[in-house]
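# Chains, contacts and geometry: an overview
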Amino acid sequence: MPAAGGIAVGNGKEYPGNLTLFVTVTCIVAAMGGLIFGYDIGISGGVTSMPSFLRKFFPSVYRKQQADESTNQYCQYDSQKLTMFTSSLYLAALMSSIVASTITRKFGRKLSMLFGGLLFFAGAIFNAAATAVWMLILGRILLGFGIGFANQSVPLYLSEMAPYRYRGALNIGFQLSITIGILVANVLNYFFAKIKGGWGWRLSLGGAMVPALIITVGSLVLPDTPNSMIERGQRDEAKAHLKRIRGIDDVDEEFNDLVIASESSRQVEHPWTNLLQRKYRPQLSMAILIPFFQQLTGINVIMFYAPVLFNTIGFGNDASLMSAVITGLVNVFATLVSIYGVDKWGRRFLFLEGGVQMLICQAVVAACIAAKFGVDGTPGELPKWYAIVVVLFICIYVAGFAWSWGPLGWLVPSEIFPLEIRSAAQSVNVSVNMIFTFIIAQVFLTMLCHLKFGLFIFFAFFVLVMSIFVFFFLPETKGIPIEEMTRVWKTHWYWSRFVNDDDYPNGGLEMRKGAEGSKIV
C-alpha cells in the first residue's frame, strides 16, 4: 500500500498526496458547473410538454397533441420550429467552445467558468421573459454560449486538481451535477405545470438563473489549478498551491513534471495545428470518436418514449413530467455507482458493461414499441404489467448510460490530453459533442416520424459498434497521473505505431524505465 495516498503506476513512480478536504470541497464546487447543462436538459424537455407553452409558441404542435388517439404517435412532435428551439443551444455551445479554448489556455480555467455562468444567467432572463419565439431562441443561444464555456473548463479543472488516484471519481462529479440538474429541473417542471393560469413555464425557464449564479460565484472563489498557474508563469504560487491541495510538502516530483510539461507546451505556438501531428493521433481520435459515440447511444429515443409508456401505466395527464422525475432519479443514483467504481473497476469495464446493458434494453424496448404502436403509430391495447416491464427496461437502460457513456464520455477525453494540446483538444471534444447533439436534436423527431420504431434499431447498431471500438482501441487510464498519460499509447497494440519515445513531454523518462524491465499496469 503506497504511503500518503500515493499509488504505484507500474514502473515504481508515484506522486505522494492525500485526498484533502480542501481539494474535495474545491472539486465539488467546480463540478457544480454541470448543473447549468443538466438543468437545461431537464427544463427544455419538460417545458415543451406543457400545453400552455406549446399553445403560445408552437400552436401547430399543440393542435396535434390535442388530437384524438388515432393520431400517429411517431409524428406528434415533428416540428422544425420546435426542434430549432431545442437544437439552437447546441450550435451556440459549439461556437463558444472554440473561443473558450483560447481563454482557458491563456487566462486560466476560472475565467472560462465565470463567462459560462454570466452568459447562462443572461439566457435564463431572456427565456423567462419571452413573448415571442425569437426571444426563446436568443435565450437558448446565450444558454448555449454559457454551456460551451463551462463544458470546456470544468472537466479540465477537475482532472487537474484531483489526485490521480481519485481523478475518476472527482471528475465524474461533473456528470453527477448534470444528473442532479436534470432531476431538479424535472421536479420543478412537475410542480410548476400545476400553477393556474399556465405561466409556470416562465418559472421553469427563469429558474436557470440559480445554477448560473452558483457557477458564477464559484468561479470567483475557487483557486486556479497548478497546471494553469505554471502555464501562465506563476511557478512559485503554483508550487505553494500544489502543496496545499495535496496536503503535503513533498511535491517536488509532481511539480517538476508539471513544469516540464508546461515548457513543452510553451514551445507549441499553434496548438490547433499541433493537434494534427502524428504523435497526437490517438488523443485526437478519442476526442472525436468518444463524444460522437456518446450522442449515438440513443438516449434521446428512450427519453422521448418514456412519457407514453408511463401514461399507459396510469399516471394520467402528468405522465410525461412524472416519468422524467423517475428516470431522473435513476440517472442520479446510477451516476453514484460510476463514482464508486470508476477508479476501482476501471474505465473500460464500465464502458463495456454499460454498452451491453444498453444494447439489450434497446432491443427489448424496440420490440415492445413496435408491438404497441405498430407501423402506423396508432396506439393499441397494452396490459399494464407489460408496460411496467417496458418501463423497467427503460430505467435499466438509463442506468447503463449513467454509469458508462454518460460520465465517461466527459472524463476520459479530459484526462488523456498532454498540456501542450489540452485546451485545444478539449475544445474539439466539446465541439464534436455539440455538433452531434445539434444534429440529433434537429433531425431526431423527423427521423422518428419516418423510421418509426426502426430508429431504436439504428441506435442499437451504434451501441454495438462503439462497444467494439472501446474493446479494441481504448487503453485503460485508471491510476495513471495526468501528466504521464501519454505512455499508455506507447504500450497499446495499435496506437504504439504513432508514438515514439521522443514524443513524450518528460523526455521519454517513463519509457526508458519501461525498457529496463518495468511495465504499465
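Conventions and cut-offs
Here the residue index of a chain counts from 1 through its sequence in written order. Local features in this predicted model are restricted to residues whose pLDDT is 70 or higher, and side-chain atom pairs enter the listing and the counts only when it is 80 or higher, whereas totals over whole chains, interfaces and linings include all residues. With hydrogens and water stripped out, all remaining heavy atoms of the structure feed into the side-chain values. To qualify as a helix, a DSSP run of H or I must reach at least 4 residues; to qualify as a strand, a run of E must reach at least 2; elements of each kind are numbered from the N terminus. Only protein chains enter the area calculation, which uses a 1.4 Å probe; residues under 20% of their type maximum are buried, those over 50% are exposed, and those in between are partly exposed. Whether two residues touch is decided by their heavy atoms; if any such pair falls within 4.5 Å, the residues are in contact. For the accessible areas, the method is Shrake-Rupley and the probe is 1.4 Å, while residue cover comes only from the protein chains on display. N or O atoms within 3.5 Å of each other form a polar contact, as long as, within protein, one can give a hydrogen and the other can take it, and as long as residues adjacent in sequence are counted only when both atoms are side-chain atoms. Ring pairs shown here join Phe, Tyr and Trp side chains whose ring centres sit within 6.5 Å, with only the six-membered ring taken for Trp; geometry is labelled stacked below 30 degrees between planes, edge-to-face above 60, and tilted in between. Counted as over-ring charges are cases with an Arg CZ or a Lys NZ within 6 Å of the ring centre that also lie within 35 degrees of the ring normal. Each patch is assembled from residues with relative accessible area greater than 30% and no salt bridge, linking like charges that lie within 9 Å and nonpolar side chains (Val, Leu, Ile, Met, Phe, Trp, Tyr) that lie within 5 Å. Think of a salt bridge as a Lys or Arg side-chain nitrogen and an Asp or Glu carboxyl oxygen that are within 4 Å of each other. The angle between two axes is taken between their N-to-C directions and runs from 0 to 180 degrees, where each axis is a line fitted to C-alpha atoms and a helix contributes only its stretch in contact. Should an angle fall under 35 degrees it is taken as roughly parallel, and over 145 as roughly antiparallel, whereas 65 to 115 is taken as roughly perpendicular and any remaining angle as oblique. We call a crossing left-handed when the near helix sits turned anticlockwise from the far one by less than a right angle, and right-handed when that turn is clockwise. Residues are grouped as follows: Ala, Val, Leu, Ile, Met, Phe, Trp, Tyr, Cys and Pro are nonpolar; Asp, Glu, Lys and Arg are charged; every other residue, Gly included, is polar. Put simply, buried Ala, Val, Leu, Ile, Met, Phe, Trp, Tyr and Cys residues joined by side-chain atoms within 4.5 Å make one nonpolar core. The disulfide definition used here is simple: a pair of cysteine sulfur atoms within 2.5 Å. Helix span is expected to be 1.5 Å times the residue number reduced by one. Every residue carries a pLDDT, the predictor's confidence in it, which falls somewhere between 0 and 100.

Counting its regular elements, the protein contains 24 helices and zero strands. In the protein, buried positions account for 59% of the 521 residues. Restricting to contacts in the protein with at least 6 residues of sequence separation, those with at least 24 account for 80%. As displayed, the protein offers around 19,600 Å² of accessible surface, 67% of which is attributable to carbon and sulfur atoms.

Right, let's talk about the environment of Arg140 for a bit. In this structure, Arg140 sits in helix α7 (residues 133-161). Excluding anything up to four places from it in sequence, Arg140 contacts Asp40, Ser44, Phe85, Thr86, Ser88, Leu89 and Asn127. At 2.8 Å, the side chain of Arg140 forms a polar contact with the backbone oxygen of Phe85.

The next thing to look at is the packing of aromatic side chains. For the structure on display, the rule yields 31 aromatic pairs. Ring centres of Phe292 and Phe436 lie 4.7 Å apart, and the angle between their planes is 75°; on these two criteria the pair is classed as edge-to-face. Taken together, the residues Phe292 in helix α15 (residues 281-295) and Phe436 in helix α21 (residues 422-451) connect sequence positions 144 residues apart. Phe436 gets classed as partly exposed once you look at its relative accessible area, which sits at 25%. Relative to Phe459, the ring of Phe458 has its centre 5.2 Å away and its plane inclined at 80°; by these criteria the two rings are edge-to-face. Taking NZ or CZ as reference, Lys56 lies 5.7 Å from the ring centre of Phe57, over its face.

Moving on to a nonpolar patch on the surface. On the surface, Leu464, Ile468, Phe471, Phe472 and Trp493 cluster together to form a nonpolar patch covering roughly 530 Å² of accessible area. By relative accessible area, which is 41% here, Leu464 ends up partly exposed.

Here the focus is the packing of α15 against helix α20 (residues 405-416). The axes of two packed helices give the description: the angle between them and the distance between them. Relative to each other, α15 and α20 sit at 165°, their axes nearing to 10 Å. In terms of orientation, α15 lies roughly antiparallel with respect to α20. Seen along the crossing, α15 lies across α20 with a hand that is left-handed. When α15 is examined against α20, the residues Gln283, Met286, Ile290, Phe293 and Gln294 are found in contact with a partner set consisting of Trp405, Gly406, Gly409, Trp410, Val412, Pro413 and Ile416. When the residues that make up the contact of α15 with α20 are grouped by side-chain class, the tally is eight nonpolar, four polar and no charged.

For the rest of this paragraph, the subject is the environment of Val398. The residue Val398 is located in helix α19 (residues 384-402) in this model. For the pair Val398 and Gly328, spaced 70 residues apart in the sequence, the C-alpha separation amounts to 8.8 Å.

One finds Phe53, Phe57, Phe58, Leu136 and Met434 to be the most contacted residues of the largest nonpolar core, which totals 63 residues. Looking at this core, the element that brings in the most residues is α7, giving eleven residues. In this structure, Trp405, Leu408, Leu411 and Val432 belong to the second largest nonpolar core, which totals 61 residues.

Between two cysteines, a covalent bond joining their sulfur atoms is known as a disulfide. Applying the stated criterion across every chain, the model contains zero disulfides. Sulfur of Cys361: no disulfide; nearest cysteine sulfur belongs to Cys395 and is 9.8 Å away. The class of Cys361 is buried, set by a relative accessible area of 3%.

Moving on, we get to the side chain of Ser219. Within the secondary structure, Ser219 sits in helix α10 (residues 209-221). Residue class for Ser219 comes out buried when judged on its relative accessible area of 3%. When neighbours within four sequence positions are excluded, Ser219 is seen to be in contact with Lys110, Met113 and Leu114.

With that settled, consider α15. Turn by turn, an α-helix covers 3.6 residues, leaving residues three or four places apart pointing in a common direction. Look at α15: 22 Å from first C-alpha to last across 15 residues, which is about the 21 Å you get at 1.5 Å a residue. Listed as buried for α15 are Pro282, Gln283, Leu284, Ser285, Met286, Ala287, Ile290, Pro291, Phe292, Phe293, Gln294 and Gln295.

The next point concerns the packing of helix α2 (residues 34-47) against α10. With their axes 8 Å apart at the nearest point, α2 and α10 run at an angle of 170° to one another. It follows from the interaxial angle that α2 and α10 lie roughly antiparallel. By crossing handedness, the relation of α2 to α10 is classed as left-handed. Only Pro211, Ala212, Ile214 and Ile215 of α10 make contact with α2, whose side of the interface consists of Leu35, Ile36 and Tyr39. A class-by-class count of the residues in the contact of α2 with α10 yields seven nonpolar, no polar and no charged.

This part takes up α7. Helix length check: α7 (29 residues) gives 41 Å between terminal C-alpha atoms against 42 Å at 1.5 Å per residue, within 8%. Most of α7 is tucked away: 25 of the 29 residues are buried.

Another aspect to go through is the pattern of salt bridges. Scanning the model with the defined rule gives eight salt bridges in all. Put simply, Glu160 and Arg109 hold a salt bridge, and the shortest N to O gap is 2.7 Å. Taken together, the positions of Glu160 in helix α7 and Arg109 in helix α6 (residues 109-128) put the pair 51 residues apart, joining distant regions of the chain. For the pair Glu160 and Arg109, a shared accessibility class is recorded, and that class is buried. Connected through salt bridges with shared partners, the residues Arg109, Glu160 and Glu231 form a single ionic network.

Across the protein, the average pLDDT comes to 80, with 82% of residues at or above 70. Low pLDDT (under 50) marks residues 1-12, which in the prediction has 37 contacts with non-local residues, meaning those over four places away or in another chain. The low-confidence segment residues 505-521, where pLDDT is below 50, has 35 contacts with residues more than four positions distant or belonging to other chains.

Moving on: the side chain of Gln362. You can see Gln362 is positioned in helix α18 (residues 347-373). We classify Gln362 as buried; its relative accessible area is 0%. Separated by 3.4 Å, the side chain of Gln362 and the backbone oxygen of Thr297 make a polar contact. Contacts of Gln362, omitting those with residues within four sequence positions, involve Thr297, Gly298, Tyr397, Phe456, Phe459, Ala460 and Val463.

As a further point, take the environment of Thr48. Structurally, the position occupied by Thr48 is in the loop between α2 and α3 (51-57). Taking relative accessible area as the criterion, Thr48 reaches 12% and is therefore assigned buried. Sequence spacing of Thr48 and Leu82 is 34 residues, and the spatial spacing of their C-alpha atoms is 8.3 Å.

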